[in-house]
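Each chain, written out:
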Amino acid sequence: MRIDIITVLPEMLEGFFNCSIMSRAQKKGLAEIHIHNLRDYAYDRYRKVDDYPFGGFAGMVMKIARPDIKLTLLDSLNKRLVFLGEVLKELGLEAQIVHARAEEGGKKPELRERFDISTARAVAKLNVLAEYCLPYVKVGGRFIAMKGPSAPDETEAAIRAIKKLGGGDIQNFEESLP
């Protein structure tokens, strides 16, 4: 079994995996663990919104890796946002925290068409994610959806919705961690 871990603190994990039950599993060939430093993948200075920050596509992780980005964390569950606010404070980081459902937040003038990038995990089909996330993206911005093997089929099915919502060129990228 291969396990890929993305973290901003790879040094802390390497020691753990070298002296635990996972170390024995690796020696027996039962597990192959690869630890990646998230900072190796951060490269830009865009203003981003993450529509599911608690377990989502890297909103908090992006902020930790790149404290210079302007980040908005949007979630429908206030207790998650309270927790994230405490984490931000503990780490000495700042982000705008918005308590709203994704489909409702995009209707608010203070959030609509305000972001360079809107991200989402594979929490729904692409046409639904586009309806939730594209309203946040300003003209010339990007909506980035993390999808699995169904991405090409979902993209085909979502083209009409994406175009109707003002989306432009649609690109699928396949990425795999080293």
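The structure reproduced in this document is the subject of the present report.

Cut-offs applied
- Residues numbered from 1 in each chain as written.
- Predicted model: local features only at pLDDT ≥ 70, side-chain atom pairs only at ≥ 80, totals over all residues.
- Heavy atoms only, no water.
- Helix = DSSP H or I, 4+ residues; strand = E, 2+ residues; numbered from the N terminus.
- Buried < 20%, exposed > 50% of the residue type's maximum accessible area, 1.4 Å probe, protein only.
- Contact = heavy atoms within 4.5 Å.
- Areas by Shrake-Rupley, 256 points an atom, 1.4 Å probe, with all protein chains shown as cover.
- Core = buried A, V, L, I, M, F, W, Y, C linked by side-chain atoms within 4.5 Å.
- Pairing = 2+ DSSP bridges.
- Right-handed = clockwise from strand over helix to strand, strands pointing away.

1. Considering the overall build of the protein chain
Counting its regular elements, the protein chain contains seven helices and seven strands. Shown N-terminal to C-terminal, the secondary structure of the protein chain runs as helices and strands in the order β-α-α-β-β-α-β-α-β-α-β-α-β-α. The proportion of buried residues among the 178 residues of the protein chain is 36%. For the protein chain, the proportion of contacts with a sequence separation of at least 24, taken over those separated by at least 6, is 59%. For the protein chain, the accessible surface area stands at approximately 11400 Å², while carbon and sulfur atoms represent 53% of it.

2. Notes on the nonpolar core
Formed by Met60, Met62, Ile69, Leu71, Leu73, Leu81, Leu84, Leu88 and Leu93, the largest nonpolar core amounts to nine residues. Those elements that provide at least two residues to this core are helix H3 (59-65), strand E4 (71-75) and helix H4 (78-91). Ranked by residue count, the leading element in this core is H4, at three residues.

3. A closer look at the pairing of E4
With five of five residues buried, E4 is to be regarded as a mostly interior element. Residues Leu71, Leu73 and Asp75 point to one face of E4 and Thr72 and Leu74 to the other, with burial holding for every one of them. When E4 meets strand E5 (residues 96-99), the two strands line up parallel, connected through four bridges. Looking across to E5, one finds that leucine 74 is bridged to valine 98. In the classification by handedness, the crossover that spans E4, the intervening H4 and the parallel E5 is right-handed.

4. Things to note about unusual backbone geometry
One non-glycine residue, glutamate 113, lies in the positive phi region at around 55°. Classification of glutamate 113 as partly exposed rests on a relative accessible area of 46%.

5. Digging into the environment of alanine 157
Inspection of the secondary structure puts alanine 157 in helix H7 (residues 151-164). Considered as a pair, alanine 157 and lysine 125 are 32 residues apart in the sequence and their alpha carbons are 9.2 Å apart.

Read these as layout, nothing more, since geometry by itself doesn't imply function.
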